[in-house]
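Read off the chains here:
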Amino acid sequence: MRQPPAVSDLMECIIQSVLILLKEKGLEEITVKEIAEKAGVNRSTYYRHFATKKDVIRRFYQLRLDQYLNSIPEDISPKDYFTGIFSDFLLYKQELILLDQRGLTFLLLEELNSRIAQVHGNSKAAAHSLACNYHIGGVFNSFRYGLFEDMATPPDRLANQCLMFLPHDFCPYLLHKTQ
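About the thresholds
Residues numbered from 1 in each chain as written. Predicted model: local features only at pLDDT ≥ 70, side-chain atom pairs only at ≥ 80, totals over all residues. Heavy atoms only, no water. Helix = DSSP H or I, 4+ residues; strand = E, 2+ residues; numbered from the N terminus. Rg over C-alpha atoms; globule rule 2.2 N^0.38 Å. Buried < 20%, exposed > 50% of the residue type's maximum accessible area, 1.4 Å probe, protein only. Contact = heavy atoms within 4.5 Å. Areas by Shrake-Rupley, 256 points an atom, 1.4 Å probe, with all protein chains shown as cover. Lys, Arg positive; Asp, Glu negative; His and termini not counted. Charge placed at Lys NZ, Arg CZ, Asp CG, Glu CD. Phe/Tyr/Trp six-rings, centres within 6.5 Å; stacked < 30°, edge-to-face > 60°. Lys NZ or Arg CZ within 6 Å of the ring centre and 35° of its normal. Salt bridge = Lys/Arg side-chain N within 4 Å of Asp/Glu carboxyl O.

**Here's the deal with the overall build of the protein**
What the protein contains, in helices and strands, is 9 helices and 0 strands. Relative to the compact-globule value of 16 Å for 179 residues, the protein shows a C-alpha radius of gyration of 17 Å, a close match. The buried share of the protein, reckoned over its 179 residues, is 43%. A fraction of 72% describes how many contacts in the protein between residues 6 or more apart in sequence connect residues 24 or more apart. Total accessible area computed for the protein in this model is approximately 10,000 Å², and 53% of it derives from carbon and sulfur atoms. A gap of 6 Å separates the mean positions of the 20 positive and 21 negative side-chain charges of the protein.

**Regarding the side chain of E111**
One can find E111 in helix α7 (residues 106-120). Judged by its relative accessible area of 6%, E111 is buried. With sequence-adjacent residues up to four places away left out, E111 is seen in contact with Q62 and L65.

**A closer look at the packing of aromatic side chains**
As enumerated under the stated definition, the model contains 7 aromatic pairs in all. With centroids separated by 6.2 Å and ring planes inclined at 25°, the aromatic side chains of F82 and F86 adopt a geometry described as stacked. On the criterion of helical spacing, the pair formed by F82 and F86 is a turn pair, its members being 4 residues apart in helix α5 (residues 78-91). When sorted by exposure, F82 lands in the same class as F86, which is buried. We note R64 situated over the ring of Y92; from NZ or CZ to the ring centre the distance is 4.4 Å.

**Quick word on the environment of T45**
Examined against the element boundaries, T45 turns out to sit in helix α3 (residues 43-49). Judged by relative accessible area, which is 12%, T45 ranks as buried. In this structure the C-alpha to C-alpha distance between T45 and I14, which are 31 residues apart in sequence, comes to 9.9 Å.

**Let's talk about the pattern of salt bridges**
What the rule picks out here adds up to 7 salt bridges. The residue R64 makes a salt bridge to E12 at a minimum N-O spacing of 3.7 Å. Within this pair, whereas R64 is found in helix α4 (residues 53-69), its partner E12 is found in helix α1 (residues 5-22), the two being separated by 52 residues in sequence. The class of R64 is buried, set by a relative accessible area of 11%. Between D66 and R115 there is a salt bridge; the shortest N-O distance is 2.8 Å. Of this pair, D66 sits in helix α4 while R115 sits in helix α7, placing them 49 residues apart in sequence. The network of salt bridges with shared partners includes D55, R58 and E110.

**A short note on unusual backbone geometry**
With a phi angle near 55°, D150 is a residue other than glycine that sits in the positive phi range. Structurally, the position occupied by D150 is in the loop between α8 (126-148) and α9 (155-163). Not every positive phi belongs to a glycine, and M151 is a case in point at roughly 60°. As for its position among the elements, M151 is in the loop between α8 and α9.

Spatial relationships are all this shows, so hold off on functional conclusions.
Laid out in structure tokens, this is it:
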């Protein structure tokens, strides 16, 4: 369900405040009071939307994934799927590099794992579960590979490198339930 504009703008303001503060110090050193002051909200408004500071970073990743996944057709080719996701990540290069430097990239992996569970459920079939986890690990670690070189590899080249390791009948697991 889409948030009313005022709520989504408020949440984005809190996210941006945390990102600004992360330039100066680690997440554990940042106080909720500092975040609220930077965002121009009171602490109760902050806590109405976020239980923890890590939830703010999770929301940043959720919004980026939603932005990409909601913009693509279900019949997207694997090449376009990977190129698109890496291109979308590139739009937030500075933020993503900062989050990685602060040791917060694991929250993206948690969000990707959560998305797989939403699309595919918690499959008890070992082969299906392994395939989903393998896909998420591949997307995440390809993204991390790009971060290691400050996202200098062009998205289409990184996508081509990913495609070398996939079966010819690959379909994006974040979009489709497998049969």
